[in-house]
Amino acid sequence: MLLLLALLLPIPPQTPKADLLLENGIVYVSPEAAPRKASIVVADAKILFVGDAARARKLGKSARIVDLRGAFVFPGWADAHLHLQGVGKDREITNLRGAASAAEAARRMASSAASLPTGRWIEGRGWDQNLWPGREFPDATTLDALLPDRPAVARRVDGHAIWLNHAALKAAGIDGTTRDPDGGRILRGPDGSPSGVLVDNAMNLVQAAIPAPSAADVERQLLAGAKACAAVGLTEIQDASGYDAEHVAVLERLAEKQALPIRVYATVSPEPDALALFFAKGIRIRGGTDFLTVRGIKAYADGALGSRGAALLADYSDEPGRRGLLVTSPERLAEIATAARKNGWQLWIHAIGDRGNRVALDAFEQAAQSIPAPPPGSDRPRIEHAQVISPEDFPRFARAGVIASVQPTHATSDMGWAGERLGPSRIAGAYAWRRLKNSGARLAGGSDAPVESENPLAGFYAAVTRKDPSGRPPEGWRPGERLSRREALALFTSDAAFAAFEEKSRGRIAPGYNADLTIFSRDPMIVDEAEIPAIPVFMTVVAGAIAYGPASP
């Protein structure tokens, strides 16, 4: 009888064996909670305990002990919009950021050419004509003067325009007879010949001529990007690259062999053939402890403001007669949105101009009408950037359940010229995070790296100050759109988790949640605002493993 009773009683759960014990930290268990001194015990890649040091010692008696020495522990920070391979590749090509003129950018390109094998294209990234005297786009002749024979291509800082020399134009077969493609623009000289700059979809004309990276190149760049992200405290990135099947296969191999130091939430290409393949394979979560998730689709409504490719409802204030570019037709966007919703995939739409944002919202609303009860996974559509919004469109984000995925450093990078593009009335709806939040929209925070720095503290600083790194303007640019430090912390923690359907596993430090932690040497919630961007990362912990910091790989 006693044996029978014993068999009927529930078996008490066993406490998992602790792997890691973090002591002497000041812990923020959520963006809303007050900080407190606490110990954290990790077991099987999850948080086992947060609290009293004595209790933690008992639970973690067999664990590796790390003394945090008063460092500040946060739920793992995430970047909700980053291009991982781009972050890695940026470390291999010519850096053109901060170049004060086209001539200086060309000199940097020529300087790097000497170390490249003969026949290889010379690549660079980061030029911005808005920083140059006259703010005019460059032309091929400036590159020709230093690189007359080898193809050279340099991507604008926002990634939405490229600058070529004549050798590259010739290699791509682009001449005066080449027509502007839909959603693209070839800048031309007075005689109609290409001047050397291609905008948005026109960039595709040269892509086939540039030697494609090998799988080994892609793997190397992805890993370099991931390690760079771990070093600045990121535990997850949500990759806005819109990968093809080959790139996803590389990510899957890295996840399977547990080589990724941080989590990757990936988006895929919206091309019809690619979508059919991805829908057939289904949503994938890989890598033992969910280091790779493939469930998003990245589409584009328009281009970028800096290259005047963002689609506007009225003319550019500084270029009358032009309203930017819709790089995907409204009809096609609605088709993609409907297909994503039908198949349970999340759709991200890049939209910067007020027309781009309207077209994106229209697409999501049409999809919701067509598929009123979608499978879980497609019910959190996202607009990436949400940069310029018409007044009547702000409430539509909340009504349609659309997440506004914003990048705070774009505002402080663009503030010197955005008003010239948009004029005094439209600028009121630009980079308007407070207005979006007050309208009821859900937000998430990212960087768009390598367009901006992958350091999340740079975005946190921009969100709470609306100032550039030098502290200008002193009162902040359009300071009414600032967020509080608590709200900015949520952007990169709990809000980012919600945007990736991870609010039950990330965004808090609590038992059962993933052991993803960002630990800073100083407290960004209380230091003087000018000191925020330079706060050192003490440690980055992902799934209970130290991805960056003492004794990291």
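Focus: the environment of Asn514
- Following the sequence through the fold, Asn514 ends up in the loop between α19 (494-499) and β21 (517-520).
- In this structure Asn514 comes out as buried when scored by relative accessible area, which is 8%.
- Taking the C-alpha atoms as reference, Asn514 lies 12 Å from Phe74; in sequence the two are 440 residues apart.

Notes on the side chain of Asp393
- Looking at the secondary structure, you find Asp393 in the loop between β18 (382-385) and α13 (394-400).
- At 2.9 Å, the side chain of Asp393 and the side chain of Arg358 are in polar contact.
- Side-chain polar atoms of Asp393 contact the side chain of Arg396, separated by 3.1 Å.
- In contact with Asp393, other than residues within four places in its own chain, are Asp354, Arg358 and Leu361.

Some details on the packing of helix α10 (residues 272-281) against helix α11 (residues 330-343)
- Packing of α10 against α11 leaves a shortest axis separation of 12 Å and a crossing angle of 5°. When the axis of α10 is compared with that of α11, the two are roughly parallel. Contacts between α10 and α11 involve Pro272, Leu275 and Phe279 from the former and Arg332, Ile336, Ala339, Ala340 and Asn343 from the latter.
- A class-by-class count of the residues in the contact of α10 with α11 yields six nonpolar, one polar and one charged.

Focus: the packing of aromatic side chains
- In this structure the tally under the stated criterion is 14 aromatic pairs.
- Taken together, a centroid distance of 5.3 Å and an interplanar angle of 80° make the contact between Trp77 and Phe520 edge-to-face. Of this pair, Trp77 sits in strand β6 (residues 77-82) while Phe520 sits in strand β21, placing them 443 residues apart in sequence. One exposure class covers both Trp77 and Phe520, and it is buried.
- The ring of Trp348 carries Arg382 above its face, with NZ or CZ at 3.6 Å from the centroid.

So, the nonpolar core
- Counting residues in hydrophobic clusters, the biggest one holds 103 residues, and the most contacted among them are Phe397 and Leu436.
- Top contributing element to this core by residue count: helix α8 (residues 215-231), with seven residues.
- Not counting residues up to four positions away in its chain, the partners in contact with Phe397 are Asn357, Leu361, Ile383, Ala386, Ile389, Val402, Ala404, Leu436 and Ala441.
- Counting 22 residues, the second-largest nonpolar core is a separate cluster that includes Val66, Ala71, Val73 and Ile519.

Looking at the environment of Asp273
- With respect to the secondary-structure elements, Asp273 resides in helix α10.
- Looking at Asp273, the relative accessible area reads 69%, which means it is exposed.

Here's the deal with helix α9 (residues 245-256)
- With 12 residues, α9 should cover 16 Å at 1.5 Å per step; its first-to-last C-alpha distance of 16 Å lies within 8% of that length.
- Regarding α9, the residues found buried are His247, Val248, Val250, Leu251, Glu252, Leu254 and Ala255.
- Where α9 begins, the capping side chain belongs to Asp244, and its oxygen is found 3.2 Å from the backbone nitrogen of Glu246.
- Looking one or two residues beyond α9, the residue adopting positive phi is Gln258, at roughly 55°.

Re the pairing of β6
- Most of β6 sits out of view: six of its six residues are buried.
- Sheet analysis places β6 next to strand β13 (residues 234-243), joined by four bridges and oriented parallel. The partner of Ala78 across the bridge, within β13, is Glu236.

As for the pairing of β21
- Burial along β21 is two-sided: the face carrying Leu517 and Ile519 and the face carrying Thr518 and Phe520 are both buried.
- Direction of pairing for strand β5 (residues 72-75) relative to β21: antiparallel, over a ladder of four bridges. Paired with Pro75 across the two strands is Leu517, which belongs to β21.
- Bridge analysis of β21 against strand β22 (residues 537-542) gives four bridges, and the strand direction is antiparallel. From the neighbouring strand, Leu517 faces β22, where its bridge partner is Val541.

Some remarks on the packing of α11 against helix α12 (residues 354-370)
- The contact between α11 and α12 brings their axes to 8 Å, and the two run at 45°. Compared by their axis directions, α11 and α12 come out oblique. For the element pair α11 and α12, the recorded crossing hand is right-handed. Contacts between α11 and α12 pair Pro330, Leu333, Ala334, Ala337, Thr338 and Arg341 from the former with Val359, Ala363, Phe364, Gln366, Ala367, Ala368 and Ser370 from the latter.

Regarding unusual backbone geometry
- Here the bond from Ala449 into Pro450 is cis, since omega is 15°, no more than 30 degrees from zero.
- With respect to the secondary-structure elements, Pro450 resides in the loop between β20 (443-445) and α17 (456-465).
- Even without a glycine there, the phi angle at Arg308 is positive, about 55°.
- Of note, Arg308 is situated in the loop between β16 (292-300) and α11.

Quick notes on the rules
Residues numbered from 1 in each chain as written. Predicted model: local features only at pLDDT ≥ 70, side-chain atom pairs only at ≥ 80, totals over all residues. Heavy atoms only, no water. Helix = DSSP H or I, 4+ residues; strand = E, 2+ residues; numbered from the N terminus. Buried < 20%, exposed > 50% of the residue type's maximum accessible area, 1.4 Å probe, protein only. Polar contact = N/O pair within 3.5 Å; in protein donor to acceptor, adjacent residues only side chain to side chain. Contact = heavy atoms within 4.5 Å. Axes fitted to C-alpha atoms, helices over the stretch in contact; angles between N-to-C directions. Parallel < 35°, antiparallel > 145°, perpendicular 65-115°, else oblique. Nonpolar A, V, L, I, M, F, W, Y, C, P; charged D, E, K, R; others polar. Phe/Tyr/Trp six-rings, centres within 6.5 Å; stacked < 30°, edge-to-face > 60°. Lys NZ or Arg CZ within 6 Å of the ring centre and 35° of its normal. Core = buried A, V, L, I, M, F, W, Y, C linked by side-chain atoms within 4.5 Å. Expected span 1.5 Å × (residues − 1). Pairing = 2+ DSSP bridges. Left-handed = near helix turned anticlockwise from the far one by under 90°.

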